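Tertiary structure, described
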Amino acid sequence: MFHICRTTVRSKRAAVGFGHIRRIQQLQVPHTAWPVRYCSANVRTFDTMLSARRAEARRSILVQVSSERSYNELYHYCSQFGTLESSHHYRVEGDADGDCHYILLEFSTTEQADAAMQSGVFSTERPGVRARSIFLWFRTGPKPKLVAQEHPANPRALALVDGTRAIEERDLNGLLSASESIDDQVRILHRVSKLNDLGKRLRFLAVRQLESSLQGMFPQAVAHPFGSSVNGFGRMGCDLDVILDLDSRSGEPPDRNARLVYHTKATNPNERTQVQRQLESIGDMLQLFLPGVNSVRRILKARVPIVKYHHEHLDLEIDLTMNNTAGVHMSELLYLFGQLDERVRPLTFCVRRWAQSVGLTNQAPGYWITNFSLTMLVMYFLQQLERPILPSINKLIQLSAASLPKPTTPPIARFGEGETEHWAYAFLKNPAIYGAFRSDNPSTLEQLLVQFFEFYSQFDFQQRAISLNLGATILKPDHSPLYIVNPLETVLNVSKNVNLEETELFRMQVRNAVWQLETHGRETPGTQQTAEPCWGLVSLFGPKQQERITPQMFFTKRMLNVKDIFDEVPADEPTHYRNSAVKNQIAAIQRATKAELHKLSGGGPRGGAGGGTVDVRTTSSIEGTGVKLKRNTKRR
């Protein structure tokens, strides 16, 4: 269920229906200007958010049912273990046997969830590895005798029904067309396409399963989710990226008074080889023992070795890697940017959706712009406004240092200098940084979207590189067509993969987007309204934008094709030249070529004085020479 606050609907319009959504809560209010809010009301820090999500996962179990109609019976059965705080339903598309339905149950305490999980039994009809986990199924048949206690007459209603289904394109266009302004369209697009509460809960269930499966041998093992699942910029259906740390306390100094020391296995001196072997073994464990895990792929030769797998119960693609803490710090930095101003995330969602619709981004890796690079472009644009909405990273570091007590202020290291943990704890881990900056820019999302396209339509990608640390451009360190300095490691380019053609394509598409918004921004007063007008974001994301534009479409044509110099031109179709000088030059080339051909075919020795050979293939006669030059002419 999508909760849409303040969605104004135009009069005399057909209501938009959803086949997969029970209802949409709409607040009908008079159409007034949106109040400008300069900072998000939710100032929860990144670590607080992660802790809360992990706690939810520890209190939850996932039960497969026949359909959402099994909820009442499941609720009464599980109530004997404790109080159910929330419940969510979703389904995963299945094979010929039908779809698979699941209900996520959250208890009040961890002990209640553990009691429910420990009450499960293994099926004798389905042989397999007997592994206890939080993934269960609710079988039919004779009901077991329940513990005698009072059950509530009416169970708590399901919070979501079919909660992981993304909104259909047709329904989204209907909502966007019924909005009053482009500003409303951007907000609605963000609300209906962002990763919802259920999607976040399911991803942390996957993190919990991974941790619990390894903590028997590695008690300090921690799985760190990173990327779009936790940085606030994730959309429905996005993948889960996880960094696995087998010993989260390895950096702590040992107790010097302790005299007992653990025996450990010797490791490979090559760290990359060691990580590859560990990931290969973990991939085997995932494939053989963990319920729901299938399609395990080990990509160990990549620059960053990863293990990819699919979780059939969660309908989720997961990428697992090790020893890559930079991804966690980058996720926390983007989360901070999203918390500083409420307009950051809706604008980024809109730009990403536009890039997808015009073919700038692709799910497969390649030489095109990625969503991460687009996010960096949006962040940099918001730093360049006359009244910035986001400060530079160096400015945030200064604000963080100013808010800490002077005697306890730890040393602040720049990105790429020394250990990043010093920088993280002095800057990202400082809760005061979330309220240290306030923007006084009153621009609406519509104005910011137009300014974004105008800004990059005039940007000098050929000479300048983008630095979010400085909040300014620098000269390119190399000849990469698009250069965005990595905030964590300033010697790297996060858009190194983007080639020249894709960079030129981006420039052309931002210019085209400015034209689209100017010509289809609003309905012309006095015109007849249609059922679903193509205006605003609908025109920007419309089917016509799917036709890929290439830079070759805009190259100037040659003054004359080379083959026209040698081929005969019919008298009724004379060749047109730009000016008389070009015509005279071509005529001179033709005369010189014919004279040379006449010498070669005049019976002289093959090869001439120079000893070279000429192999000329004849097709038809040209002015008595008996030779006609074509593309397959060979010379040596």
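Note that this is a predicted model, so its numbers are computed, not measured.

A look at the overall build of the protein chain
Check the secondary structure of the protein chain and you find 17 helices and 13 strands. For the protein chain, contacts bridging at least 24 residues in sequence account for 68% of all contacts bridging at least 6. Total accessible area computed for the protein chain in this model is approximately 35400 Å², and 51% of it derives from carbon and sulfur atoms.

Digging into the sheet that holds strand E5 (residues 222-226)
The strands making up a sheet associate through hydrogen bonds between their backbones, and the pairing can be parallel or antiparallel. With mixed pairing, the five strands of this open sheet are ordered in space as E5-E6-E9-E8-E7. The two strands at the open ends of the sheet, each matched to only one other strand, are E5 and strand E7 (293-299). If you compare each strand with its neighbour and ignore which way they point, the axes differ by 25° on average. Bridge analysis of E5 against strand E6 (residues 240-245) gives five bridges, and the strand direction is antiparallel. Across the sheet, Val222 pairs through a bridge with Asp245, a residue of E6.

Description of the packing of helix H13 (residues 445-457) against helix H14 (residues 500-519)
In contact at an axis separation of 8 Å, H13 and H14 are set at 145° when each is read in the N-to-C sense. Considering the relative orientation of H13 and H14, their crossing is left-handed. Residues Leu449, Val450, Phe453, Glu454, Tyr456 and Ser457 of H13 pack against Phe506, Val510, Arg511, Ala513, Val514, Leu517 and Glu518 of H14. Looking at side-chain class alone, the contact of H13 with H14 contains nine nonpolar, one polar and three charged residues.

Considering the sheet that holds strand E1 (residues 60-65)
Within the open sheet, the four strands sit side by side as E2-E3-E1-E4. Their pairing is mixed. In this open sheet, the two strands that pair with only one neighbour each are strand E2 (84-92) and strand E4 (135-137). If you compare each strand with its neighbour and ignore which way they point, the axes differ by 25° on average.

What about the packing of aromatic side chains?
In total, this model carries 22 aromatic pairs according to the counting rule given. When the ring of Phe455 is compared with that of Tyr456, the centres are 4.8 Å apart and the planes differ by 85°; the resulting orientation is edge-to-face. The exposure class assigned to Phe455 is partly exposed, which follows from its relative accessible area of 25%. Relative accessible area serves as the criterion here: at 0%, Tyr456 is assigned to the buried category. Among the aromatic side chains, those forming a connected cluster through ring pairs are Trp354, Tyr380, Phe381, Phe452, Phe453, Phe455, Tyr456, Phe459, Phe461 and Phe506. For Arg345, the ring lying beneath its charged end belongs to Phe233, and the centroid distance is 5.8 Å.

Quick look at unusual backbone geometry
Unusually for a residue other than glycine, Asp162 sits at a positive phi of about 55°. Residue Asp162 is classed as buried on the basis of its relative accessible area, which comes to 8%.

Some remarks on the confidence of the model for the protein chain
Of all residues in the protein chain, 74% attain a pLDDT of 70 or more, and the chain-wide mean is 79. Mean pLDDT in the protein chain bottoms out at strand E13 (residues 634-635), which sits at 41, and peaks at helix H10 (residues 371-383), which reaches 96. Confidence drops under a pLDDT of 50 for residues 1-42, and excluding neighbours within four residues, the segment shows 101 contacts in the predicted structure. The model gives residues 604-636 a pLDDT under 50, and that stretch makes 38 contacts with residues more than four places away or in other chains.

Focus on the environment of Ser123
Positionally, Ser123 belongs in the loop between helix H3 (110-118) and E4. The class of Ser123 is partly exposed, set by a relative accessible area of 24%. For the pair Ser123 and Arg139, spaced 16 residues apart in sequence, the C-alpha separation works out to 9.8 Å.

Describing helix H9 (residues 344-357)
The end-to-end C-alpha separation of H9 is 20 Å, in line with the 20 Å expected for 14 residues at 1.5 Å each. Counting buried residues along H9, 13 of its 14 residues qualify, which places the element largely inside the surrounding structure. Gly359 sits one or two positions beyond H9 and adopts a positive phi of about 80°.

Focus on the pattern of salt bridges
Going through the model one piece at a time under the given rule, you end up with 22 salt bridges. The salt bridge partner of Asp47 is Lys429, with a shortest N-O separation of 3.1 Å. Of this pair, Asp47 sits in helix H1 (residues 46-58) while Lys429 is found in the loop between helix H12 (420-428) and H13, placing the two residues 382 residues apart along the sequence. It is possible to trace a salt-bridge network through shared partners that takes in Arg53, Glu56, Arg59, Glu106, Asp197 and Arg201.

Some thoughts on the side chain of Thr503
Within the element layout of this structure, Thr503 appears in helix H14. Given a relative accessible area of 3%, Thr503 falls into the buried group. Look past the residues within four positions of Thr503 in its chain and what remains in contact with it is Phe461, Pro481, Leu482 and Val498.

The rules behind each value
Residues numbered from 1 in each chain as written. Predicted model: local features only at pLDDT ≥ 70, side-chain atom pairs only at ≥ 80, totals over all residues. Heavy atoms only, no water. Helix = DSSP H or I, 4+ residues; strand = E, 2+ residues; numbered from the N terminus. Contact = heavy atoms within 4.5 Å. Areas by Shrake-Rupley, 256 points an atom, 1.4 Å probe, with all protein chains shown as cover. Pairing = 2+ DSSP bridges. Axes fitted to C-alpha atoms, helices over the stretch in contact; angles between N-to-C directions. Left-handed = near helix turned anticlockwise from the far one by under 90°. Nonpolar A, V, L, I, M, F, W, Y, C, P; charged D, E, K, R; others polar. Phe/Tyr/Trp six-rings, centres within 6.5 Å; stacked < 30°, edge-to-face > 60°. Buried < 20%, exposed > 50% of the residue type's maximum accessible area, 1.4 Å probe, protein only. Lys NZ or Arg CZ within 6 Å of the ring centre and 35° of its normal. pLDDT = per-residue confidence, 0-100. Expected span 1.5 Å × (residues − 1). Salt bridge = Lys/Arg side-chain N within 4 Å of Asp/Glu carboxyl O.

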